[in-house]
Each structure stands twice: as C-alpha cells, then as structure tokens.
Amino acid sequence: SVARLRGNREVWRALRKLPPRRATDSELQLCHDESHITGLQRLAQLSGEDGKARFVPSSGPVCMGGPCCEVREGTGNSDTYVTSGSIEAARLSVGGLLNMVDTVMGGGSSSS
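Since the structure is predicted, the reported quantities are computational estimates derived from the model, not experimental observations.

What counts, and where the lines are drawn
- Residues numbered from 1 in each chain as written.
- Predicted model: local features only at pLDDT ≥ 70, side-chain atom pairs only at ≥ 80, totals over all residues.
- Heavy atoms only, no water.
- Helix = DSSP H or I, 4+ residues; strand = E, 2+ residues; numbered from the N terminus.
- Expected span 1.5 Å × (residues − 1).
- Buried < 20%, exposed > 50% of the residue type's maximum accessible area, 1.4 Å probe, protein only.
- Contact = heavy atoms within 4.5 Å.
- Arc of directions from axis to C-beta.
- 1 Å grid on protein atoms, 1.4 Å probe; cavity = no way out; pocket = protein on both sides within 12 Å on 5 of 7 lines; lining within 4 Å.
- Points joined across faces, edges and corners; volume = space filled by probe spheres on them.
- Nonpolar A, V, L, I, M, F, W, Y, C, P; charged D, E, K, R; others polar.
- Salt bridge = Lys/Arg side-chain N within 4 Å of Asp/Glu carboxyl O.
- Polar contact = N/O pair within 3.5 Å; in protein donor to acceptor, adjacent residues only side chain to side chain.
- Core = buried A, V, L, I, M, F, W, Y, C linked by side-chain atoms within 4.5 Å.

**Student:** I'd like a rundown of helix α4 (residues 34-50), residues and numbers included.
**Tutor:** When the terminal C-alpha atoms of α4 are compared, their 25 Å separation across 17 residues agrees well with the 24 Å that a helix rising 1.5 Å per residue should span. If you check which residues of α4 are buried, you get His 36, Ile 37, Gly 39, Leu 40, Leu 43, Ala 44, Leu 46 and Ser 47. On its buried face, α4 sits against α3 (25-28), β1 (54-56), β2 (80-82) and α5 (86-105). Remark: Gly 51 follows α4 within two positions and exhibits a positive phi of approximately 75°.

**Student:** Could you give an account of α5, with specific residues and numbers?
**Tutor:** Between its terminal C-alpha atoms α5 stretches 28 Å, which fits the 28 Å expected from 20 residues at 1.5 Å a residue. Within α5 the residues assigned to the buried category are Ile 87, Arg 91, Gly 95, Asn 99 and Thr 103. The arc that holds every buried residue of α5, seen down its axis, measures 130°, which confines them to one face. Packed against the buried residues of α5 are α3 and α4.

**Student:** Quick one: what's the story with the layout of surface pockets, residue by residue and with numbers?
**Tutor:** Approximately 430 Å³ is the volume attributed to the largest pocket. If you trace the largest pocket, you find 20 residues lining it, with Leu 28, His 32, His 36, Leu 40 and Ala 90 closest to the centre. Among the elements of the structure, α3, α4, β2 and α5 are those that each provide at least two residues to the lining of the largest pocket. Partitioning the lining of the largest pocket into residue classes produces 13 nonpolar, five polar and two charged.

**Student:** Break down the environment of Leu 40 for me, citing the residues and quoting the values.
**Tutor:** Looking at the element boundaries, Leu 40 is found in helix α4. When its relative accessible area of 19% is taken as the criterion, Leu 40 is described as buried. In the structure, Leu 40 is positioned 16 residues away from Val 56 in sequence and 8.4 Å away in space, judged by C-alpha atoms.

**Student:** Run through the pattern of salt bridges, naming residues and quoting values.
**Tutor:** Between side chains of opposite charge, a pair can form when the charged atoms approach closely. Per the counting criterion, the structure on display carries four salt bridges. Arg 21 is paired through a salt bridge with Glu 27; the nearest N and O atoms lie 3.1 Å apart. The exposure class of Arg 21 is partly exposed, given its relative accessible area of 23%. In this structure, Glu 88 engages Arg 22 in a salt bridge whose closest nitrogen and oxygen atoms are separated by 2.9 Å. Here Glu 88, found in helix α5, pairs with Arg 22, found in the loop between α2 (9-14) and α3; they are 66 residues apart in sequence, far enough to count as distant. Taking the relative accessible area as the measure of exposure, Glu 88 reaches 34% and is therefore partly exposed.

**Student:** Can you tell me about the side chain of Arg 54, naming the residues and giving the values?
**Tutor:** Mapped onto the elements of the fold, Arg 54 is located in strand β1. Classification of Arg 54 by relative accessible area gives buried; the value is 9%. A distance of 3.5 Å separates the side chain of Arg 54 from the backbone oxygen of Lys 52, its partner in a polar contact.

**Student:** Break down the nonpolar core for me, citing the residues and quoting the values.
**Tutor:** Core analysis: the biggest nonpolar cluster contains seven residues, these being Leu 40, Leu 43, Ala 44, Leu 46, Val 56, Val 82 and Ile 87. If you tally residues by element for this core, the top one is α4, at four residues.

Structural data, given as structure tokens:
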C-alpha cells in the first residue's frame, strides 16, 4: 500500500533525484507525427494569447500519424485540453521518463 511505502525508509534511501530534461522534437516524434506536435503547440500558443484552455477533440483529427494528423480545437466536452504551459510540461515529463529509463538501463540506478 502507499502508506506502507511512505513509511519504508529503505525505499526512500534507495531513490535519487535525477535532473530535469526536456524531450527533443525527435524524441517526441518517436510516438507522435510532427504535424500532431505542431498542432498542439499552436493550441498552446493560442491559449497563451487569450488565457483560455483549448480542448483537443476526443476523436477525429487527432491521431498518431497519417494524412489526417492535424490537430484542431475541440469542444468543451472533450476531456483533454491544452494551456500555455502544457507543451513544456509534456516535454519535461517525457524527458524525465527517458532520463530515468536511461539511468536504470545503463546500470546507473541507485540500487546498483
């Protein structure tokens, strides 16, 4: 359980903080088409200009690749939205995950 992990000092001693890292465009493009990333960046830019969240459609033009990969603004009924800080948060999240995987797979984990 989470409570048990919180109280386990050995677990916390074994962890170490890794430096933040932004994912590059080429790393993001391992999973997303360039036009998908560009579309999300445009929605984030629009959000920064007027301070309003931009909703991403739950289906349709948002896809993993192919000719229909443009991103258009959806309706407020969508469950995913983009704000001015969303792209930077996503880059840091992906970069952090890749940093952690590289550390563990490279034998540099704190448990070795």
